[in-house]
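Summary of structural features
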Amino acid sequence: MAENPLARVTVEVPGTAEHLGQLHAAIERFWGEVDRALAHPPGEEWRLLFTTALGEAAANVVRHAYRGGEVAGALRAELLAFQDRIEARFTDHGVEFEGDLSMPAPRAAALLDDLPESGYGLSLIRAAVDELRYERSSPSGENRWQLLKRLPAAATPPG
Amino acid sequence: MDISVEEREGGVAVVALSGRLDLLSAPHVKARLSEEVAAGRKKLIVDLGAVSFIDSSGLGALIGGLKAARVGGGDLRIARATEQAQIILRLTTLDRVMEPYASLDEALTGC
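Since the model is a prediction, treat every value here as computed from it, not as a measurement.

Cut-offs applied
- Counting of residues starts from 1 at the beginning of each chain's written sequence and follows it residue by residue.
- Labels follow written order: the first chain is A, the first ligand is 1, and so on.
- Residues qualify for local features only when their pLDDT is at least 70, as the model is predicted, and side-chain atom pairs are given and counted only at 80 or more; totals for whole chains, interfaces and linings, by contrast, use all residues.
- No hydrogens and no water enter the side-chain calculation; it runs on all heavy atoms of the structure.
- In summary, the pairing rule links any two rings of Phe, Tyr or Trp, Trp by its six-membered ring, whose centres are within 6.5 Å, and it sorts them by plane angle into stacked for under 30 degrees, edge-to-face for over 60 and tilted for everything else.
- Only runs of H or I of at least four residues qualify as helices and only runs of E of at least two qualify as strands under DSSP, and these elements are numbered from the N terminus.
- A simple rule labels every residue: compare its accessible area, found with a 1.4 Å probe on the protein chains alone, to the largest value its type can have, and call it buried under 20%, exposed over 50%, or partly exposed in between.
- Counted as over-ring charges are cases with an Arg CZ or a Lys NZ within 6 Å of the ring centre that also lie within 35 degrees of the ring normal.
- Whenever Lys or Arg places a side-chain nitrogen within 4 Å of a carboxyl oxygen from Asp or Glu, that contact is recorded as a salt bridge.
- Contacts are assigned to residue pairs with any non-hydrogen atoms lying within 4.5 Å of each other.
- In this description, buried area is defined as the sum, over both parts, of the accessible area (probe of 1.4 Å) that is lost when the two are combined.
- Within 3.5 Å is the distance limit for a polar contact, defined as a pair of N or O atoms, with the added protein rule that one can donate a hydrogen and the other accept it, and that residues adjacent in sequence qualify only through two side-chain atoms.
- Residues are grouped as follows: Ala, Val, Leu, Ile, Met, Phe, Trp, Tyr, Cys and Pro are nonpolar; Asp, Glu, Lys and Arg are charged; every other residue, Gly included, is polar.

**Description of the packing of aromatic side chains**
Residue and element names in this part refer to chain A. One pass over the structure, following the stated rule, counts 7 aromatic pairs over all chains. Ring centres of Tyr 134 and Trp 145 lie 4.6 Å apart, and the angle between their planes is 45°; this geometry places the pair in the tilted category. Here Trp 145 lies in strand E5 (residues 142-150) and Tyr 134 lies in strand E4 (residues 131-137), a separation of 11 residues in the sequence. Note on accessibility: Tyr 134 and Trp 145 belong to one class, buried. Aromatic rings pair up to connect Phe 30, Trp 31, Trp 46 and Phe 50 into one cluster. Between the NZ or CZ atom of Arg 85 and the centre of the ring of Phe 82, over which it lies, the distance is 3.9 Å.

Below, the structure written as structure tokens:
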């Protein structure tokens, strides 16, 4: 990786719902770093979209990779700001993700009875960021998620 | 997540939430909303003004509460959704199912 980030915050927390608060605190620290490091930091709505995606990705690790606490392990989150984009890299050692990254959102049901109360996670992330990638590293048994959102054009210096 | 309930006339309950409405707190919120319906509070107004963050589990709890309220012959409305809450409602198109009311007064109108 030749490119150095302009800002970076890394945090590792136990992969349980009780520790999501620590991740959110790290996310807030990261936005503070972004304010200091970028000439044109993204606005509030842009950040909230990214934060929403991060919260969802973390919840997925807790819920699925660590089976809601049945499996123990850590969630490592690396938040990186570059000139043209913000990236998040999540790593966990839980069970392999075997779903479909392109899984669509639950259908808006005509009848309230049929409206699902879950299953919105991946489509939510895809709606909020530009790229979502997953890979499984078999030797180490690691799940690696990458979220990427391109910064608005004004943030990129000319030339 | 703190939950405080203010019971008002006509079977209305204003449920004020404070903190993160997420994977951890969603089951408690859903259970509390169901309890209020079971206790005869048919019109639930969920005040999201102090909710710092909502994830899809949190949305699921609100949907669950809405279903319970409707089964009981009532309704659930959300009020004072923050910018983040409005974003997640819009991204999931659940804002069409639960219209976010800007104020408690507006949510209470017609209850």
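**Quick notes on the pattern of salt bridges**
Residue and element names in this part refer to chain A. Tallied over the entire structure, the rule returns 20 salt bridges over all chains. Where Arg 36 meets Glu 33, a salt bridge forms, and the shortest distance between an N and an O atom there is 3.0 Å. Note that Arg 36 and Glu 33 are positioned in helix H1 (residues 20-37) at a spacing of 3 residues, about one turn of the helix. Salt bridges here are not isolated pairs; linked through shared partners, they connect Glu 3, Asp 84, Arg 85, Glu 87 and Arg 89.

**A look at the side chain of Asn 60 of chain A**
Relative to the helices and strands, Asn 60 of chain A resides in helix H2 (residues 44-65). Dropping the residues within four chain positions of it, Asn 60 of chain A is found in contact with Ala 65, Gly 121, Leu 122 and Ile 125 of chain A.

**Topic: the interface of chain B and chain A**
Between chain B and chain A, the residue contacts involve 25 residues of the former and 27 residues of the latter. Interface area for chain B against chain A, summed over the two sides, is near 2200 Å², with a carbon-plus-sulfur share of 68%. Among the residues of chain B in contact with chain A, Leu 23, Lys 67 and Leu 91 of chain B are the three that bury the most area, contributing 25% of the side total. On inspection of chain B and its partner chain A, the count reaches 1 salt bridge. A salt bridge links Glu 45 of chain A to Arg 90 of chain B, with the shortest nitrogen-to-oxygen separation between them at 3.0 Å. Summed over the shared surface of chain B and chain A, the result is 4 residue pairs in polar contact (both at pLDDT 80 or more). Going through the elements one at a time, helix H2 (56-71) and helix H3 (83-91) of chain B are the ones with two or more residues in the side of chain B that touches chain A. Sorting elements by how many residues they give to the side of chain B that touches chain A places H2 of chain B first, with 8 residues. Its residues assigned to classes, the side of chain B that touches chain A shows 10 nonpolar, 7 polar and 8 charged.

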